[in-house]
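One-letter residues, chain by chain:
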Amino acid sequence: MPGLVAFGRRWAIGSDDFVLPGAFELFVRLVWWVGILAVYAVHKGQFSCPGGGLLHSYLLVLLILLASIICVLSAVVYISMQGTISNPGPRKSLPKLLYIRLVLCLPEFFWAVLGAVWVSDSSVHCEKTVINVIIGTVIASWVIIIFTVIGVVIVFDPLGGKKTFYLTDSLNRNLESSQSGQLLYNVKNTATRVWEKRIRLLCCCIVQDDDHRVAFTSIAELFRTYFSDTDLVPSDIAAGLILLHQEQDKMENCPKEPEEVLCHSPSSLVTDDLDVELENAAHYMLFAAAAYGWPYYIYTSPFTALCKLSGDCCGNRPTDSDITGSDRHNFHFGSILKITGLQYRDFIHISFHNKIYEIPFFVALDHRKEAIVVAVRGTLSFEGITQAANYIYRKLINDGILNQAFTTAPEYRLVIVGHSLGGGTASILAVMLRNSFPTLRCYAFSPPGGLLSKSLADYTKHFIVSVIVGKDLVARLSMPNMEDLKRRIVRIVANCNRPKYQILLRGCWYEVFGGDPDDFPTELDGRNQDALTQPLLAEESLMVRRSPSYSALEDESHLNSPPQYPHLYLPGKIIHIVEESSSKRLCSSDIKYTARWSNERVFSSILISPKMVTDHMPDVVLKALNSLSQEPGSCISCQTRECNTNLVQP
């Protein structure tokens, strides 16, 4: 729902978000109140000890104060349970209850201080049990106060001031006003700065230089633009993702209509044998993973990696002229040796130079495949992929690195590999080098989806193979897909007739323990197709301004007008690896995989799953490829299974 408005500003919390935290605090307060009442009843009339009079008054007032807080909390929880996400009407009295609860914080704070003073008073010689109870009460009071302050800081929205909140109305009243234009400019700048601070906080371990600041600003502008037209709080997004996941699972379990199944056989561009490509991909994924250096090696071997690196890496180092950048303790290069199984003499060039657009890479001789391998590490920014590819291109060509490699092994062919954004960088680099090296091959593992235009993506099918595992999020990332996801979240959240706390509780149970997806009723049920193309009033209430996705929804002829965002695609031919048994839980063993040739239409929508992030991890990709390359018959050829199903979104 729209964020809660209190004290003249919007907060990053909804009026229906107080059910679970309020119920937990209510439980603690009830147990606390019962305990204090029991102590008071047992020791009533026994407060004749030094300081006992003050103790008697302290317990009596504390009981009354706790009872008042319990009553207010009960009302807050009850009111917060009413209505639905998009219908906050039954909860309109909640801000007043929160004001009352805030007022009660003042005597609670004063009483916590008084209790601390009383406990620390050396002149008090009352019964030890009573003193321990008071100490527990003081500790509990301070813990609740501290967590309340932390909660307020978390839900504080720096963009929730009056000017920002009423910006839309101001602009609608006077679109020509220069004051409104300046206000809009200031709000956008403020939003960008807020997102930039959040990103800097997440990336606090990265050295802050000019290039990083440029990247952080570009990412912040992207987030600001993406979230600028919605009035959703984080719990709304979580509820939307839960609903979409269960809806998606229900559709996957339903039998597909014939028109919902896209059958295709291999075209002339995909005549390579799938088994051979999978074997090659499993081999070259080691190089792509090795580009991450010691963090990946320690992540995959947490108990033995440090001992192995410390024991035998220092002696296996090429000459200093072969390495650029810092590699303290030789951990990066030692990890590369361990992961790839190569010898130090097989490396032509290694760069650990790591800036935002100047990323690490290495060039090595792969005698097993008779290839000169260029392995690329990823970059922080989508916009930096092209700049990073240009940087590596200049190093390879202008510094004579490839000339040196082909002088050493003239009969070898060039292979470029990378994972994630490194896969995107490797793809762009392969396009740049294709004319000079016609036999070049590129393996992009889990590359970003919004990378190449349609014509360029078709061109790269001659020499690039993309490998995607499961419901990998990054492989489906593009601005049209992100807009589509936002549209679907807003629609399903706005039209669900269940309270948010029920959605979250049942969703958590489903994600952890499985079972059948819940059949949440929505206002979309029973509506005709024409009505479904128009956003409901509930949906419009969650939009600060009209999103490009709604423009697309309202007019079916929008294809005749220029799209808000260009459609970009995965590079090259696509191998899609999926689990043979549909296990939707995060923790599962003995996973078996199948692989098939796929096409870009399969990745035209973001799929919600607990594994949408883990399927992207390099160790998961390597495990899947190794499983397929070691088990004959795991690949689905087009002779045995020619159909790929494409999930049709509502």
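Residues numbered from 1 in each chain as written. Predicted model: local features only at pLDDT ≥ 70, side-chain atom pairs only at ≥ 80, totals over all residues. Heavy atoms only, no water.

Participant: Run through the overall build of the chain, naming residues and quoting values.
Facilitator: A tally of helices and strands in the chain yields 23 helices and 13 strands. Considering the chain as a whole, with its 650 residues, one finds that 50% of them fall into the buried category. Across the chain, the fraction of contacts at a sequence separation of at least 24, relative to all contacts at a separation of at least 6, is 75%. If you sum the accessible surface of the chain, you get close to 31,400 Å²; carbon and sulfur atoms cover 60% of it. (Helix = DSSP H or I, 4+ residues; strand = E, 2+ residues; numbered from the N terminus. Buried < 20%, exposed > 50% of the residue type's maximum accessible area, 1.4 Å probe, protein only. Contact = heavy atoms within 4.5 Å. Areas by Shrake-Rupley, 256 points an atom, 1.4 Å probe, with all protein chains shown as cover.)

Participant: Go over the pairing of strand S9 (residues 441–445) with me, naming the residues and quoting the values.
Facilitator: Counting buried positions along S9 gives 5 out of 5 residues, so the element sits mostly inside the fold. Burial along S9 is two-sided: the face carrying Arg441, Tyr443 and Phe445 and the face carrying Cys442 and Ala444 are both buried. The parallel pair strand S8 (residues 413–419) and S9 is bridged by helix H16 (residues 421–433), and the resulting crossover is right-handed. Pairing of S9 with strand S10 (residues 464–469), which is carried by 4 bridges, proceeds in the parallel orientation. When the bridges of S10 are listed, Tyr443 appears paired with Val465. With helix H17 (residues 454–459) bridging S9 and the parallel S10, this β-α-β connection has right-handed handedness. (Right-handed = clockwise from strand over helix to strand, strands pointing away. Pairing = 2+ DSSP bridges.)

Participant: Could you give an account of the packing of aromatic side chains, naming the residues involved and the relevant values?
Facilitator: Tallied over the full model, the rule gives 12 aromatic pairs. Consider the rings of Phe110 and Trp111, whose centres lie 5.8 Å apart with planes at 45°: the pair is tilted. Exposure remark for Trp111: the relative accessible area of 15% places this residue in the buried category. Ring geometry for Tyr284 versus Phe287: centroids 6.2 Å apart, planes at 50°, classification tilted. One end of the pair, Tyr284, and the other, Phe287, are both in helix H10 (residues 274–290), 3 residues apart, so they sit about a helical turn from each other. For Tyr284, a relative accessible area of 1% corresponds to the buried category. Within the aromatic cluster, the residues linked to one another by ring pairs are Tyr58, Phe110 and Trp111. Residue placement shows Lys454 over the ring face of Tyr569; its charged tip is 5.7 Å from the ring centre. (Phe/Tyr/Trp six-rings, centres within 6.5 Å; stacked < 30°, edge-to-face > 60°. Lys NZ or Arg CZ within 6 Å of the ring centre and 35° of its normal.)

Participant: So, the nonpolar core: which residues are in play, and what are the values?
Facilitator: Grouped together as the largest cluster of nonpolar side chains are 49 residues, with contacts concentrated most on Tyr284, Phe347, Phe362, Val417, Phe445, Ile577 and Leu625. Considering every element that reaches this core, the biggest residue donor is H10, with 10 residues. Leaving out residues up to four positions away in the same chain, Val417 has contacts with Tyr284, Phe287, Ala288, Val373, Val374, Ala375, Val376, Ala426, Tyr443 and Phe445. (Core = buried A, V, L, I, M, F, W, Y, C linked by side-chain atoms within 4.5 Å.)

Participant: Account for helix H19 (residues 500–513), naming residues and giving values.
Facilitator: When the terminal C-alpha atoms of H19 are compared, their 20 Å separation across 14 residues agrees well with the 20 Å that a helix rising 1.5 Å per residue should span. For H19, every residue scored as buried is listed here: Lys500, Tyr501, Ile503, Leu504, Gly507 and Tyr510. With its phi angle positive at about 80°, Gly514 sits one or two positions after the end of H19. (Expected span 1.5 Å × (residues − 1).)

Participant: Tell me what's going on with empty space enclosed by the protein, and back it up with residues and numbers.
Facilitator: Summed over all chains, the structure comprises 3 cavities of 30 Å³ or more. In this structure, the largest cavity spans a volume of roughly 50 Å³. Lining the largest cavity are Arg29, Trp32, Tyr58, Leu62, Leu65, Leu66, Ile69, Glu108, Trp111, Ala112 and Ser141. Those elements giving two or more residues to the lining of the largest cavity turn out to be helix H1 (19–42), helix H2 (52–80) and helix H3 (94–120). Here the element with the most residues in the lining of the largest cavity is H2; it accounts for 5 residues. Its residues assigned to classes, the lining of the largest cavity shows 8 nonpolar, 1 polar and 2 charged. (1 Å grid on protein atoms, 1.4 Å probe; cavity = no way out; pocket = protein on both sides within 12 Å on 5 of 7 lines; lining within 4 Å. Points joined across faces, edges and corners; volume = space filled by probe spheres on them. Nonpolar A, V, L, I, M, F, W, Y, C, P; charged D, E, K, R; others polar.)

Participant: An account of the sheet that holds S10 is needed here, citing residue identities and associated values.
Facilitator: The mixed open sheet is built from 9 strands, whose spatial order is S4-S5-S6-S7-S8-S9-S10-S11-S12. Each having just a single partner strand, strand S4 (323–324) and strand S12 (593–598) make up the two edges of the open sheet. With 5 bridges joining them, S10 and strand S11 (residues 573–579) adopt parallel strand pairing. For Val469, the partnering residue across the bridge sits in S11 and is Ile577. Relative to the sheet, H10 contacts strand S6 (361–366), strand S7 (371–376), S8, S9, S10, S11 and S12, its axis offset from that of S9 by approximately 70°. Strand contacts of H16: S7, S8, S9 and S10, with the helix running at about 155° to S8, the strand carrying the most contacts. (Axes fitted to C-alpha atoms, helices over the stretch in contact; angles between N-to-C directions.)

Participant: Could you give me a rundown of the pattern of salt bridges, with the residues and numbers involved?
Facilitator: Scanning the entire structure with this criterion turns up 20 salt bridges. We note a salt bridge from Arg101 to Glu108, for which the minimum N-O separation is 3.6 Å. This pair shows no difference in class: Arg101 is buried, exactly as Glu108 is. Through salt bridges that share partners, Asp16, Asp17, Arg91, Asp236 and Lys500 make up one connected network. (Salt bridge = Lys/Arg side-chain N within 4 Å of Asp/Glu carboxyl O.)

Participant: Account for the environment of Tyr391, with residues named and values stated.
Facilitator: Along the chain, the position of Tyr391 falls in helix H14 (residues 384–398). Judged by its relative accessible area of 8%, Tyr391 falls in the buried class. Linking Tyr391 and Ile359, residues 32 residues apart in sequence, is a C-alpha distance of 8.2 Å. In this structure, Tyr391 is in contact with Ser351, His353, Tyr357, Glu358, Ile359 and Phe361, ignoring residues within four places of it in sequence.

Participant: Can you explain H3? Please cite residues and give values.
Facilitator: With 27 residues, H3 should cover 39 Å at 1.5 Å per step; its first-to-last C-alpha distance of 39 Å lies within 8% of that length. Burial in H3 covers these residues: Leu94, Pro95, Leu97, Leu98, Arg101, Leu104, Glu108, Trp111, Ala112, Gly115 and Trp118.

Participant: An account of unusual backbone geometry is requested, with residue identities and associated values reported.
Facilitator: Not every positive phi belongs to a glycine, and Glu370 is a case in point at roughly 50°. The phi dihedral of Ser446 falls on the positive side, at around 55°, and the residue is not glycine. Here Ser446 shows up in the loop between S9 and H17. Accessibility expressed as a relative area gives 0% for Ser446, which makes it buried.

Participant: Give me the packing of H3 against helix H4 (residues 128–155): which residues, what numbers.
Facilitator: Between H3 and H4, the shortest axis-to-axis distance is 9 Å and the interhelical angle comes to 140°. Seen from above, H3 lies across H4 with left-handed handedness. The residues of H4 that touch H3, namely those facing Glu108, Phe109, Ala112, Val113, Gly115, Ala116, Trp118 and Val119, are Ile131, Ile134, Ile135, Val138, Ser141, Trp142, Ile144 and Ile145. Residue composition of the contact of H3 with H4, grouped by class: 13 nonpolar, 2 polar and 1 charged. (Left-handed = near helix turned anticlockwise from the far one by under 90°.)

Participant: Give me the environment of Gly449: which residues, what numbers.
Facilitator: Assignment of secondary structure puts Gly449 in the loop between S9 and H17. Using a relative accessible area of 7% as the deciding quantity, one classes Gly449 as buried. Separated by 29 residues in sequence, Gly449 and Ser478 have C-alpha atoms that sit 5.9 Å apart. Sequence-distant contacts of Gly449, that is, excluding residues within four places in its chain, are made with Val474, Ala475, Arg476, Leu477, Leu568, Tyr569 and Leu570.

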